[in-house]
Amino acid sequence: LGKKVQAIYLWWHKPVIDKELLQSLPNLKVIVNSGVGMDHLDLKLIASFGVKMANAPHAVSSTTADTGMALLLASARRLVEVHNISVSPSMDYCEADILGVKVAGATLGIIGMGRIGYKIAVRAKAFEMNILYHNRTRRKVQEEQAVGATYCKKIDSLLQQADFVMLVVSLTHQTHKLVGKRELELMKPTAILINISRGAVVDQEALVAALQTGVIRAAALDVTSPEPLPRDHALLKLKNIIITPHLGIKTDKATYMITEEAVENTLAALNGLPLPSEVLPS
C-alpha cells in the first residue's frame, strides 16, 4: 500500500518516522502529530522528502495548562503524601506538622510563555499568584498586563525569586538539560519545580541530588526521561516528588479535538491548501 499512502497521523510517536519509511511512501504529502512537541521527529529529514508537517497546538493547550496547575496545587498541599496517610491501615489522626504551602500570594515563575504558558498564567492569576516569566521573546505589554505578568530577561532572575518554577518549553538543543545543578541551586530552598514540557529539559541526576539534600523543597513531573522511568530509579524512591505518566493532553474532549485538528490539517494538505498548524524545520 506504500504508493497509496498520502498522510500519516502520528499518535504517541507511532509509527516511527525514519528515512526507510519515508522512502517507502513516494506519495506522502503530510505528517500530522497528535500534540505540540515535535522533538521525536527529524523535521529537516522529513522536509527533504517534500513532506509537510503539522501539530495540534489549539487542541492541547488548555488541558495541558490544567495539568500544570493540578501538579502545582497537588505539590503545594502535599496531596499524594496525605492521601497515602489517609488510606493507611494504621492512620488514626493526621500529624499537625504536615503543612503545605500557601498558593495565593506566592510567586510563580513560568519558563516558556507560549500558548500553554500563557494559559497557565491566566489560571495562576485566578489563584492570586504573582507571575514572572522568561521567554525567548517578550510578550506584548497588554498581554502581560492582562495576567499581571513580569518579564525576566534572564532566567537566573526568575529562578531566584520564584516559589514555584514551571517548565513549559519545547525540547530543543538549547533547552536540553536547561535546568541542572546550577539552576537548581539558584532556586529558593522552599521552591517547587514543576515540569510539563519534556523530561530531558531537566538534568534528572541533579534533580535527585537537589531533592535529597534540600536544595529545593519538592518537584512535580508529568514528564521524565525515559518514560516510564526504570523501576529502580532514584526519583521513584523520594517522598518529596509527584510523578504522573505524561497526562498533559489526556482528557476525553482533548483527544477528540486533537483528532479534529489533525483531520483539518490533513485535508488542507491533500487539497493543496495552507495548513492551519504547519510546523517548519528550524
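Note that the coordinates shown come from a computational prediction; the quantities given were computed from them, not determined experimentally. (Residues numbered from 1 in each chain as written. Predicted model: local features only at pLDDT ≥ 70, side-chain atom pairs only at ≥ 80, totals over all residues. Heavy atoms only, no water.)

### A word on helix H5 (residues 115-126)
Thought 1: Given a rise of 1.5 Å per residue, 12 residues ought to cover 16 Å, and the 18 Å separating the end C-alpha atoms of H5 matches this to within 8%.
Thought 2: Looking only at H5, the buried set comprises Ile116, Gly117, Tyr118, Ile120, Ala121 and Ala124.
Thought 3: On the buried face of H5, the contacting elements are helix H3 (57-76), strand E4 (107-111), strand E5 (130-134), helix H6 (141-147) and strand E7 (164-167).
Thought 4: Immediately downstream of H5, the backbone of Glu128 shows phi near 60°, a positive value. (Helix = DSSP H or I, 4+ residues; strand = E, 2+ residues; numbered from the N terminus. Expected span 1.5 Å × (residues − 1). Buried < 20%, exposed > 50% of the residue type's maximum accessible area, 1.4 Å probe, protein only. Contact = heavy atoms within 4.5 Å.)

### Digging into the sheet that holds E4
Thought 1: The 7 strands lie next to each other as E6-E5-E4-E7-E8-E9-E10, forming an open sheet whose pairing is parallel. At either margin of the open sheet sits one strand with a lone partner, and together these are strand E6 (149-151) and strand E10 (241-243). When the angles between neighbouring strand axes are averaged without regard to direction, this sheet yields 15°.
Thought 2: In this sheet, E6 lies alongside E5 in parallel orientation, the contact comprising 3 bridges. By the bridge assignment, Leu132 is partnered in E6 with Thr150.
Thought 3: Along the sheet face, H5 touches E4, E5 and E7 and points at about 170° away from the line of E4.
Thought 4: With respect to the sheet, helix H9 (residues 204-213) is in contact with strand E8 (192-195), strand E9 (218-221) and E10, its orientation differing from that of E9 by roughly 140°. (Pairing = 2+ DSSP bridges. Axes fitted to C-alpha atoms, helices over the stretch in contact; angles between N-to-C directions.)

### So, unusual backbone geometry
Thought 1: The omega angle of the peptide bond from Lys14 to Pro15 is 0°, so this bond is cis rather than trans.
Thought 2: Assignment of secondary structure puts Pro15 in the loop between strand E1 (7-10) and helix H1 (19-23).
Thought 3: Phi at Arg78 is positive, roughly 55°, even though this residue is not glycine.
Thought 4: With respect to the element layout, Arg78 can be found in the loop between H3 and helix H4 (79-86).
Thought 5: Overall, the relative accessible area of 26% leaves Arg78 in the partly exposed class.

### Observations concerning the domain arrangement of the chain
Thought 1: Domain parsing of the chain yields domain 1 (2-55 + 251-271) and domain 2 (60-243).
Thought 2: The C-alpha-based centres of domain 1 and domain 2 are spaced at 31 Å.
Thought 3: Contacts between the two partners involve 7 residues from domain 1, matched on the other side by 4 residues from domain 2.
Thought 4: Taken over both partners, the interface formed by domain 1 and domain 2 buries close to 530 Å², and the fraction arising from carbon and sulfur atoms is 61%.
Thought 5: Across the contact surface, domain 1 and domain 2 share 1 salt bridge.
Thought 6: Between Asp39 and Arg198 there is a salt bridge, with its nearest N and O atoms 3.0 Å apart.
Thought 7: Between domain 1 and domain 2 we count 1 residue pair in polar contact (both at pLDDT 80 or more) in total. (Domains from an automatic or database assignment. Buried area = accessible area lost by both parts, 1.4 Å probe. Salt bridge = Lys/Arg side-chain N within 4 Å of Asp/Glu carboxyl O. Polar contact = N/O pair within 3.5 Å; in protein donor to acceptor, adjacent residues only side chain to side chain.)

### As for H9
Thought 1: Every buried residue of H9 is accounted for by Gln204, Ala206, Leu207, Val208, Ala210 and Leu211.
Thought 2: Against helix H8 (181-186), E8, E9 and E10 lie the buried residues of H9.
Thought 3: Residue Asp203 occupies the N-cap position of H9, its side-chain oxygen lying 3.2 Å from the main-chain nitrogen of Glu205.
Thought 4: Once H9 ends, the next one or two residues include Gly214, with phi positive near 80°.

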